[in-house]
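Survey of secondary and tertiary structure
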Amino acid sequence: MSTNGLGFRLSGVGSALPEKVLTNVDLQAWMDTTDEWIRERTGIGQRHIGSSTTELATLACQRAMDAAGVGPADIDLLLLATTSPEHICPGTAPAVARELGLDCGALDIQAACSGWVYGLTIANGFLLQGMKRILVVGAEALDKITDYHDRGTGILFGNGGGAAVVEADPDGEGQMLGWDLGSDGNYVHILYAEHGDVLKMDGKEVFRQAVKAIQRTVNNTMKMATDAGHDVSLDDVALIIPHQANIRIVESAWKKLGLSMDKTAMILENTGNTSGATIPMALHDSLIKDRIQNGDLVLFVGFGAGMTWGSALVRWNGS
Ligand code: UT7
């Protein structure tokens, strides 16, 4: 599906973090680890815990709707990316829709840490079908499926929510120039949680596969954009917003792709790995810091359990 010529913009962005903070120093009290090791090996200083997926998604969506200046009647669809849904069935999205006063379609996307980028591209498809405005939210209460006594996983994960109002841009100034989604189910066993259990991970293998997946998806997205006739290269990208599980994963992939950390939006020192919520939260943080201007190229890159991966290149035309 070509995206050439489709007007696409993120007209409002919002995020939410629970108040309660769990620092590396807190973890030292009951885990055989140190603040120094966690910072050096992951880049994480603390993570937020508490609240719920529904609450964090609702707050992030409300803030995104306020930023876009739209109300419940303006939203055609709610897509919720989450690895930590409230129930096996039903999805969490209908409860979030109820909290927001929406009666449109509402569904969960289970693509782990790639979920919000999957949501962005699915929204793009629905805009092509004639929808006008779609809420794409990533929200997680990963503390419910994290063993904070296991130093292989407990140091990494935290809670949070981030959302964007995604809408058709009639002027065509904002666009999704290229995108890529992928998966490889041969790697289910390297990061998973069984029903009623906590996350289990082969960290080293996830690290290796993540670096490969990032390179592949970024190259595919740039190829789609250039094949569609857009004269763009990675050098032209103003800001890259990657999923953040471990800063060394991003640094390793960037080295191979020739990308600079200066052009990268990082939040994980404060948040840890918030799975589907990371990318929209980092986007919101970048907007607050005035790091994105209209006309800029912004590259979103996700990867995670499944394995899944995805990326999207957007010509920014925000509110
Ligand atoms: O969203 C996607 C999901 N997750 C990820 O992307 C995570 C990917 N993986 C990682 O981030 C890293 O593999 C970890 C942070 C999980 C582990 O880091 P690592 O550099 O791969 O450590 P390692 O497992 O190779 O362990 C190195 C050493 C070992 O000690 P020895 O055998 O060399 O004496 C570990 O026992 O570090 C030790 N170690 C720790 N020490 C202090 C492992 N975890 C810890 C810890 N604190 N938390």
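Residues numbered from 1 in each chain as written. Predicted model: local features only at pLDDT ≥ 70, side-chain atom pairs only at ≥ 80, totals over all residues. Heavy atoms only, no water.

1. With respect to the side chain of Asn246
- In this structure, Asn246 sits in the loop between strand E11 (239-242) and helix H7 (247-257).
- Among the polar contacts listed, one links the side chain of Asn246 to the backbone nitrogen of Arg248, at a separation of 2.8 Å.
- Setting aside residues no more than four positions away along its own chain, Asn246 makes contact with Arg41, Thr42, Phe207 and Leu268. (Helix = DSSP H or I, 4+ residues; strand = E, 2+ residues; numbered from the N terminus. Polar contact = N/O pair within 3.5 Å; in protein donor to acceptor, adjacent residues only side chain to side chain. Contact = heavy atoms within 4.5 Å.)

2. A look at helix H9 (residues 278-288)
- Among the 11 residues that make up H9, 8 are buried, leaving the element largely enclosed by the rest of the structure.
- The complete set of buried residues in H9 reads Thr278, Ile279, Pro280, Met281, Ala282, Leu283, His284 and Ser286.
- Once H9 finishes, Asp290 follows within two positions and takes phi at roughly 60°, a positive value. (Buried < 20%, exposed > 50% of the residue type's maximum accessible area, 1.4 Å probe, protein only.)

3. Digging into the sheet that holds strand E12 (residues 297-304)
- If you trace the 4 strands from one edge of the open sheet to the other, you get E8-E13-E12-E11, paired in mixed fashion. The open sheet is flanked by strand E8 (175-183) and E11, the only strands paired with a single partner. If you compare each strand with its neighbour and ignore which way they point, the axes differ by 10° on average.
- Both E11 and E12 contribute to a ladder of 4 bridges, which runs parallel. Directly across from Pro242, in E12, lies its bridge partner Val301.
- Together, E11 and E12 form the strand contacts of H9, whose direction differs from that of E11 by roughly 145°. (Pairing = 2+ DSSP bridges. Axes fitted to C-alpha atoms, helices over the stretch in contact; angles between N-to-C directions.)

4. Here we look at the site of the ligand
- If you check the shell around the ligand, you find 22 residues, and the closest are Thr33, Arg41, Arg151, Lys204 and Asn246.
- For the ligand, a nitrogen atom lies 2.6 Å from a polar atom in the side chain of Thr33.
- Here Arg41 contributes a side-chain N or O atom positioned 2.7 Å from an oxygen atom of the ligand.
- In isolation the ligand has 940 Å² of accessible area, and contact with the protein removes 72% of it.
- When atom positions are compared with the pocket grids, the ligand is found to occupy the second largest pocket.
- For the shell around the ligand, the leading source of residues is helix H6 (residues 203-227), giving 4 residues.
- In the shell around the ligand, the residues fall into 10 nonpolar, 7 polar and 5 charged.
- If you count residues domain by domain, the shell around the ligand takes at least three from each of domain 1 (7-169) and domain 2 (175-315). (Near = heavy atom within 4 Å. Areas by Shrake-Rupley, 256 points an atom, 1.4 Å probe, with all protein chains shown as cover. 1 Å grid on protein atoms, 1.4 Å probe; cavity = no way out; pocket = protein on both sides within 12 Å on 5 of 7 lines; lining within 4 Å. Sits in = over half its atoms within 2 Å of the grid points. Nonpolar A, V, L, I, M, F, W, Y, C, P; charged D, E, K, R; others polar. Domains from an automatic or database assignment.)

5. Let's talk about the pattern of salt bridges
- Under the definition given, this model contains 10 salt bridges.
- Taking the shortest distance from any N to any O, the salt bridge between Glu167 and Arg9 comes out at 2.6 Å. One end of the pair, Glu167, is in strand E7 (residues 160-168); the other, Arg9, is in strand E1 (residues 8-16), and 158 residues separate them in sequence.
- A residue is classified by how much of its surface remains accessible, and Glu167, at 9% relative accessible area, is buried.
- Accessibility expressed as a relative area gives 17% for Arg9, which makes it buried.
- We note a salt bridge from Asp32 to Arg151, for which the minimum N-O separation is 3.7 Å. Within this pair, whereas Asp32 is found in the loop between helix H1 (24-28) and helix H2 (35-42), its partner Arg151 is found in the loop between strand E6 (133-140) and E7, the two being separated by 119 residues in sequence.
- Through salt bridges with shared partners, a single ionic network connects Arg9, Arg133 and Glu167. (Salt bridge = Lys/Arg side-chain N within 4 Å of Asp/Glu carboxyl O.)

6. Quick notes on the nonpolar core
- Counting residues in each nonpolar core, the largest one holds 46 residues, and the members touching the most others are Ile214, Val218, Ile249, Trp254, Leu299 and Leu313.
- Put simply, the parts of the chain that give this core at least two residues each are H6, H7, E12 and strand E13 (308-315).
- Among the elements that take part in this core, H6 stands out by supplying 9 residues, more than any other.
- If you count residues domain by domain, this core takes at least three from each of domain 1 (7-169) and domain 2 (175-315).
- If we ignore the near neighbours within four places in the chain, the residues touching Val218 are Leu234, Leu257, Leu299, Val301 and Ser311. (Core = buried A, V, L, I, M, F, W, Y, C linked by side-chain atoms within 4.5 Å.)

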